[in-house]
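Architecture at a glance
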Amino acid sequence: MFFSKKKAARSADRVLPVHIGIIMDGNGRWAQKRGLPRMAGHRAGAQNFRVITRYCNKIGIKYLTVYAFSTENWSRPKEEVDALMKLFGEYLEEALRDFRDENIRTRFIGDVSAFSDELRALIEETEELSSDKTGLVLNIAMNYGGRAELVSAVKKMAEDKLSPSEISEETVSQYLYTAGQADPDLIIRPSGEYRTSNFLLWQSAYSEYVFMDNILWPDFTTDDLERAIDIYSQRNRRFGGV
Ligand code: FPP
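About the criteria used
Per chain, residue numbering runs from 1 following the sequence as it is written. Local features in this predicted model are restricted to residues whose pLDDT is 70 or higher, and side-chain atom pairs enter the listing and the counts only when it is 80 or higher, whereas totals over whole chains, interfaces and linings include all residues. The basis for the side-chain values is all heavy atoms of the structure; hydrogens and waters are excluded. Here an axis means a line fitted to C-alpha atoms, over the contact stretch when the element is a helix, while the angle between two N-to-C directions is reported on a 0 to 180 degree scale. Under the scheme used here, helices are H or I runs from DSSP no shorter than 4 residues and strands are E runs no shorter than 2 residues, and both carry numbers assigned from the N terminus. Any angle that is under 35 degrees is reported as roughly parallel, and any over 145 degrees as roughly antiparallel; angles of 65 to 115 degrees are reported as roughly perpendicular and all others as oblique. For any pair of crossing helices, the crossing counts as left-handed if the nearer helix is rotated counterclockwise from the farther one by less than a right angle, and right-handed if it is rotated clockwise. Note on contacts: a residue pair qualifies if any of its non-hydrogen atoms lie within 4.5 Å across the two residues. Under this grouping Gly is polar, as are all residues other than the nonpolar Ala, Val, Leu, Ile, Met, Phe, Trp, Tyr, Cys and Pro and the charged Asp, Glu, Lys and Arg. Burial status follows relative accessibility: with a 1.4 Å probe on protein chains alone, a residue under 20% of its type maximum counts as buried, one over 50% as exposed, and anything between as partly exposed. By this definition, two strands are paired if DSSP reports at least two bridges between them. We call a residue near a given molecule or strand whenever any one of its heavy atoms falls within 4 Å of it. Any pair of N or O atoms that falls within 3.5 Å is considered a polar contact. Within protein, one atom must be able to donate a hydrogen and the other to accept it, and sequence-neighbouring residues count only if both atoms are side-chain atoms. Only the protein chains shown count as cover for residues, and the accessible areas themselves come from Shrake-Rupley with a 1.4 Å probe. To define a nonpolar core, start from buried Ala, Val, Leu, Ile, Met, Phe, Trp, Tyr and Cys residues and group those joined through side-chain atoms within 4.5 Å.

Next up on the list: the packing of helix 3 (residues 38-59) against helix 4 (residues 78-98). With their axes 11 Å apart at the nearest point, helix 3 and helix 4 run at an angle of 30° to one another. Overall, the two elements helix 3 and helix 4 adopt an arrangement that is roughly parallel. Once helix 3 is placed against helix 4, the crossing between them reads as right-handed. For the pair helix 3 and helix 4, contact is made by Arg38, Met39, His42, Arg43, Ala46, Phe49, Arg50 and Arg54 and by Glu80, Ala83, Leu84, Leu87, Glu90, Tyr91, Glu94 and Asp98, respectively. Each residue belonging to the contact of helix 3 with helix 4 can be placed in one class, and the counts come to seven nonpolar, one polar and eight charged.

Given below as structure tokens:
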């Protein structure tokens, strides 16, 4: 039995989010606390990301969006950016091997044109190889920013010469990277920061946020995820109604 009795009873009446977003924050502090270089934190974060992704697939989450690299993260020291790019490359090579047997569809959201040819090729291959998977849809946000996404959507609408009367909220949604997907129900941010940091700005209009103090991303466990889902499950979502 995978769940403890307590959790099994709880899971029967809880509402499972369709789409979860995670701001994987706190890698640097995790490393600092241990006297390690920041990159050690990112490595531990990447390892944890694999665990949480598999778990989401296992419990039946339909979409998971993780914030891996923002449009603002380029301003970090060059060594950290270079090392992160290397880590993404290593992860993708591994994902191509390991996720082959998993029912997870991996997609990338953000402006991937900024990455090296090598990384872009890996991104393309990963998307292609997993395109027929029917389980969890994993969106990895890389060089992603909510504002940049909206600007890109507006530009595409202009290129397509849409007239004002053709533009509705539905139209805008269809021009975003997440076109066709459910909006995030639950967005989790560990590490004690209370910000959205330009993550899924449009899509999060009615998302429920769970900010988790005292947990840094590399330490975030499947139990913490369950706790966040429980908190979400108890929220009264009104979507502007009564
Ligand atoms: C935020 O922590 C984290 C990042 C900017 C990088 C997130 C990347 C990973 C978890 C690597 C794995 C991702 C993939 C797709 C392989 P921070 O550095 O801002 O931490 P701090 O606030 O403690 O400094």
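Back to the write-up after that little detour.
Take Pro17: it is sitting in the loop between helix 1 (5-13) and strand 1 (19-23). On the basis of relative accessibility, which here comes to 2%, the residue Pro17 falls in the buried class. Not counting the four nearest positions on each side in its chain, Pro17 is found in contact with Ile61, Asp185, Leu186, Ile229 and Tyr232.

Ordered by their spatial adjacency, six strands build an open sheet running 3-4-2-1-5-6, and the pairing between neighbours is parallel. Across the chains shown, the open sheet's two edge strands, defined by having one partner strand only, are strand 3 (105-109) and strand 6 (208-212). Direction aside, the axes of adjacent strands within the sheet are offset by 20° on average. In terms of strand pairing, strand 5 (residues 186-190) meets strand 6 through five bridges, oriented parallel. Within strand 6, the position partnered with Leu186 by the bridge is Glu208. Each of strand 2 (63-70), strand 3 and strand 4 (137-144) is contacted by helix 4, which is oriented at about 150° to strand 2, the strand it contacts most. Along the sheet, helix 8 (residues 222-233) makes contact with strand 1, strand 5 and strand 6, crossing strand 6 at roughly 140°.

This part takes up the site of the ligand. In the region of the ligand, 17 residues are neighbours, and Gly28, Arg29, Arg38, His42 and Arg76 sit closest. Backbone polar atom of Gly28 to an oxygen atom of the ligand: 3.1 Å apart, as the coordinates give it. Contact distances for the ligand include 2.8 Å between an oxygen atom and a side-chain N or O atom of Arg76. In isolation the ligand exposes 620 Å². Once the protein is present, 92% of that is buried. Broken down by secondary-structure element, the contributors of at least two residues to the shell around the ligand are helix 2 (27-33), helix 3 and helix 4. No other element matches the five residues that helix 3 contributes to the shell around the ligand. Among the residues forming the shell around the ligand, the class breakdown is seven nonpolar, six polar and four charged.

This part is about the nonpolar core. One finds Ile20 and Leu138 to be the most contacted residues of the largest nonpolar core, which totals 45 residues. Considering each element in turn, this core owes the most residues, nine residues, to helix 4. Core analysis: the second largest hydrophobic core is formed by nine residues, Tyr67, Tyr144, Ile187 and Phe199 among them.

If you check the backbone angles, Ser197 has positive phi at about 50° while not being a glycine. With respect to the secondary-structure elements, Ser197 resides in the loop between strand 5 and strand 6. Its relative accessible area of 29% is what places Ser197 among the partly exposed residues. We note that Phe239 has phi near 50°; this positive angle belongs to a residue other than glycine.

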